[in-house]
Amino acid sequence: MIMQTTLTDSVEEAAAILNSGGIVAFPTETVYGLGAGICHSEALLQLFRAKGRPADNPLIVHISSVGQVAEVASEVNLQAMMLIERFFPGPLTLVLKKNSSVPYSVTAGLETVGIRCPANPVAREFLRLACCPVAAPSANRSGLPSATSWEAVMQDLDGKIDCLLRGTPSAIGLESTIVDCSEGRPVLLRAGAITLEQLRAVVPEITTMRVTEPEKRPKCPGLKYPHYAPRASIRLCTAGEQIDLKGSSAASIGMSEPPEGVSLSRVCRTTEEYGRELFGFFRLCDARNISVIYCELPSNEGLGRAIRDRLMRAAGLS
Ligand code: TXA
Ligand code: MG
């Protein structure tokens with residue numbers, strides 16, 4: 001179905017469209033989100049269709065203030081409380097036991113819900129004006145790199161969503177850190193800008209390894225799907241590695257000097273810049289018909305862990 005997508009700078013207009021049952025893309029500090037009110041069941045269905053998202057992949061529920069956690073969670077244990085106190089609002093999603101206001105279409109049938117309170121002021125104002133909490137996956141077509149600018153959202157979703165609230169490019173550029181605090185020892189499900197080191201400074205017992213019992217459902221269903229992949233193929237490399245380009249149109253991104261002979265390259269001075277630039281660079285490479293992108297793997301610490309995770313997935317290696 002083709003529809004008219006309203007492009008606006010007005011938070012009030014975007015919230016009015018959401019409150020009348022529309023689906024609205026909006027900026028956050030991680031990546032752009034595509035929101036539907038959890039009280040609008042038709043909008044939730046439309047959201048899955050617009051993204052081409054499988055129905056068994058749950059959505060994160062976004063709130064405008066810490067006080068709203070109780071509107072969606074039925075149980076907040078001490079560890080969760082400490083993480084909320086330290087990192088909300090910000091780029092952290094907590095998985096907690098849901099309460100009855102959250103429909104199963106949002107959680108893909110799970111008894112838990114991912115909850116995030118973004119720090120971006122435009123996002124917070126939009127969520128404050130929303131008449132109920134807002135379920136929002138990243139605002140990209142399923143499988144493609146997340147959108148980190150309003151232009152990238154338009155590229156993927158123009159004509160498929162009711163409204164795009166235009167904002168600045170995403171300050172972080174990588175999706176939120178996800179920690180499951182719904183039972184037992186907290187588990188890091190997805191690395192992000194809140195690093196494992198920062199999390200452990202508050203809750204030392206956080207683990208990165210889920211105990212997989214074969215009879216148990218996967219804990220973070222979305223992670224089984226291909227993600228973040230541009231059309232170009234991704235090759236992972238280390239700093240200074242010798243690369244034989246063999247005439248293909250190649251590009252590179254990383255923190256050291258680009259390999260000789262690439263037709264497009266991005267050298268980032270910090271891991272923060274690398275994270276912010278990564279998905280936009282993937283999209284640029286596709287627009288320029290690049291066939292191979294060489295990506296330098298940063299070390300597995302701090303924000304490097306999140307960048308490595310996205311690169312491995314984009315390369316189809318995890
Ligand atoms: O930064 C972000 O988190 C962005 C912005 C828009 O907030 N959102 C985002 O949503 O990245 P999405 O849908 O692209 O990724 C959400 C991930 C999926 O892998 C999903 O499976 C997982 O969160 N998830 C959501 N609810 C869950 C739950 N109850 N239990 C486990 N994993 C959950
Ligand atoms: Mg996504």
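So, here's what we can say about the structure. Because the structure is a prediction, the values reported are computed rather than measured.

**Notes on the environment of Gly261**
Thinking step 1. For Gly261, the position within the fold is in the loop between β13 (250–254) and β14 (264–267).
Thinking step 2. Separated by 19 residues in the primary sequence, Gly261 and Gly280 place their C-alpha atoms 21 Å from one another.

**Overview of a nonpolar patch on the surface**
Thinking step 1. Where nonpolar side chains cluster on the molecular surface, the patch consists of Leu78, Met81 and Met82 and spans about 290 Å² of accessible area.
Thinking step 2. By the secondary structure assignment, Met81 is in helix α4 (residues 78–87).
Thinking step 3. Met81 sits in the partly exposed class, given a relative accessible area of 46%.

**Points about α4**
Thinking step 1. By the burial criterion, the buried members of α4 are Gln79, Ala80, Leu83, Ile84 and Phe87. Along the long axis of α4, the arc covered by the buried residues comes to 135°, so they all point the same way. Opposite the buried face of α4, by more than 90 degrees, sit the exposed residues Leu78 and Glu85.
Thinking step 2. At its buried positions, α4 is contacted by α3 (69–72), β6 (92–98), β10 (177–180) and α8 (196–202).

**Quick word on the state of the cysteines**
Note: disulfide means a covalent bond formed between the sulfur atoms of two cysteine side chains.
Thinking step 1. The final tally for this structure, using the stated rule, is one disulfide.
Thinking step 2. The residue that forms a disulfide with Cys39 is Cys132, at a sulfur-sulfur distance of 2.1 Å. Given an S-S torsion of about -75°, the disulfide between Cys39 and Cys132 has left-handed geometry. Here the residue Cys39 occupies a position in the loop between β3 (33–37) and α2 (41–51), and Cys132 occupies one in the loop between α6 (121–129) and β8 (134–135), the gap between them amounting to 93 residues.
Thinking step 3. The class of Cys39 is partly exposed, set by a relative accessible area of 45%.
Thinking step 4. Here Cys131 stays unpaired: no disulfide links it, and the sulfur of Cys39, its closest cysteine neighbor, is 4.3 Å away.

**Section: the packing of helix α1 (residues 11–19) against α6**
Thinking step 1. Following both chains from N to C, one finds α1 and α6 inclined at 45°, their axes separated by 9 Å at the closest point. It follows from the interaxial angle that α1 and α6 lie oblique. The way α1 lies across α6 gives a crossing that is right-handed. Along its contact with α1, which presents Val11, Glu12, Ala14, Ala15, Leu18 and Asn19, the element α6 presents Val122, Glu125, Phe126 and Leu129.

**Quick look at the nonpolar core**
Thinking step 1. Leu34, Leu83, Leu92, Leu94, Val153, Val179 and Leu199 are the most contacted members of the largest nonpolar core, which has 48 residues in total.
Thinking step 2. Of all the secondary structure elements, the ones that give two or more residues to this core are β3, α2, α3, α4, β6, β7 (112–116), α7 (150–157) and α8.
Thinking step 3. At five residues, the largest contribution of residues to this core is made by α2.
Thinking step 4. Look past the residues within four positions of Val179 in its chain and what remains in contact with it is Leu83, Leu92, Thr93, Leu94, Val95, Pro186, Val187, Leu188, Leu189, Leu199 and Ile206.

**A look at the packing of aromatic side chains**
Thinking step 1. Under the counting rule described, the total for this entry stands at two aromatic pairs.
Thinking step 2. Aromatic side chains Phe26 and Phe126 sit 4.9 Å apart centroid to centroid with 35° between the ring planes, which places their arrangement in the tilted category. Remark: Phe126 occurs in helix α6 and Phe26 occurs in strand β2 (residues 24–26); sequence separation between them is 100 residues.
Thinking step 3. Residue classification places Phe26 among the buried residues on the basis of a relative accessible area of 0%.
Thinking step 4. Geometrically, the ring pair formed by Phe279 and Phe282 is tilted, given 6.4 Å between the ring centres and 55° between the ring planes. Remark: Phe282 and Phe279 occur in helix α9 (residues 271–287); sequence separation between them is three residues, near one turn of the helix.
Thinking step 5. By relative accessible area, Phe279 is classed as buried at 0%.
Thinking step 6. Overall, Phe282 belongs to the buried group, its relative accessible area being 0%.
Thinking step 7. One Lys or Arg, Lys98, reaches over the ring of Tyr104 and ends 4.3 Å from the middle of that ring.

The rules behind these values
Residues numbered from 1 in each chain as written. Chains lettered and ligands numbered in written order. Predicted model: local features only at pLDDT ≥ 70, side-chain atom pairs only at ≥ 80, totals over all residues. Heavy atoms only, no water. Helix = DSSP H or I, 4+ residues; strand = E, 2+ residues; numbered from the N terminus. Patch = residues over 30% accessible without salt bridge, like charges linked within 9 Å, V, L, I, M, F, W, Y side chains within 5 Å. Areas by Shrake-Rupley, 256 points an atom, 1.4 Å probe, with all protein chains shown as cover. Salt bridge = Lys/Arg side-chain N within 4 Å of Asp/Glu carboxyl O. Buried < 20%, exposed > 50% of the residue type's maximum accessible area, 1.4 Å probe, protein only. Arc of directions from axis to C-beta. Contact = heavy atoms within 4.5 Å. Disulfide = S-S within 2.5 Å. Axes fitted to C-alpha atoms, helices over the stretch in contact; angles between N-to-C directions. Parallel < 35°, antiparallel > 145°, perpendicular 65-115°, else oblique. Left-handed = near helix turned anticlockwise from the far one by under 90°. Core = buried A, V, L, I, M, F, W, Y, C linked by side-chain atoms within 4.5 Å. Phe/Tyr/Trp six-rings, centres within 6.5 Å; stacked < 30°, edge-to-face > 60°. Lys NZ or Arg CZ within 6 Å of the ring centre and 35° of its normal.

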